[in-house]
Amino acid sequence: MAVRYFTDDCTYRLPQKRLTARWLHEVAAGEGYALGDVTYIFCSAQRLLEMNRQYLGHDYFTDVITFDYSDRKDARIVSGDIFIDVETVADNARQYGATTLQEMRRVVVHGVLHLCGQGDKTPRTNAQMHRKEDKYLKFWEDPRQ
């Protein structure tokens, strides 16, 4: 099972891809799942807006869209495609006082948490999502945790 990285209509390159993939395997394991095939596609704001309109019927910009192909019930393996708008991530980083890389890591783990079944549409599930993001992001501060 593999984590793959591609770009579509942008030139973004995620640093530390192998370390990130290992981290994501640990995140899935921490949630009680095995990481299957997960593909990250980094793209422009316009590209993700088009996808948001076409596939979800939403007419607004977003930082991430996750297409879940997981088999969580039988094999407990999570797989999917995670599209990330690099422009919105950079805008959000400035808004939240984070670096672009810090915000990108948050969005990267956010997508995997969705694959593990974590929602974020209600105030309660959104708060749970943020707590889990924070928990797993501590790895980058101290990988021994």
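Definitions and cut-offs
Residues numbered from 1 in each chain as written. Predicted model: local features only at pLDDT ≥ 70, side-chain atom pairs only at ≥ 80, totals over all residues. Heavy atoms only, no water. UniProt positions renumbered as here; feature names shortened; annotations may be inferred. Pairing = 2+ DSSP bridges. Helix = DSSP H or I, 4+ residues; strand = E, 2+ residues; numbered from the N terminus. Axes fitted to C-alpha atoms, helices over the stretch in contact; angles between N-to-C directions. Contact = heavy atoms within 4.5 Å. Buried < 20%, exposed > 50% of the residue type's maximum accessible area, 1.4 Å probe, protein only.

- Per an unreviewed UniProt entry, the recorded name for the protein is Endoribonuclease YbeY, and the organism is Alistipes shahii.
- Recorded under Sequence similarities (unreviewed entry), the UniProt text for the protein is reproduced unchanged: "Belongs to the endoribonuclease YbeY family."
- According to the UniProt record, the Function (unreviewed entry) comment for the protein reads "Single strand-specific metallo-endoribonuclease involved in late-stage 70S ribosome quality control and in maturation of the 3' terminus of the 16S rRNA."

### Details of the sheet that holds strand β4 (residues 77-85)
- The mixed open sheet is built from 4 strands, whose spatial order is β1-β2-β4-β3. Unpaired on one side and paired on the other, β1 (3-8) and β3 (64-68) mark the two borders of the sheet. This sheet shows a mean twist of 15 degrees between the axes of neighbouring strands, independent of strand direction.
- In the packing of helix α2 (residues 45-56) onto the sheet, the strands contacted are β1, β2 (34-43), β3 and β4, and the crossing angle to β3 comes to about 45 degrees.

### With respect to unusual backbone geometry
- At Asp9, a residue that is not glycine, the phi angle is positive and equals roughly 65 degrees.
- By the secondary structure assignment, Asp9 is in the loop between β1 and α1 (17-30).
- Taking the relative accessible area as the measure of exposure, Asp9 reaches 55% and is therefore exposed.
- Even without being a glycine, Gln16 presents a positive backbone phi close to 55 degrees.
- Looking at the secondary structure, you find Gln16 in the loop between β1 and α1.
- The class of Gln16 is partly exposed, set by a relative accessible area of 41%.

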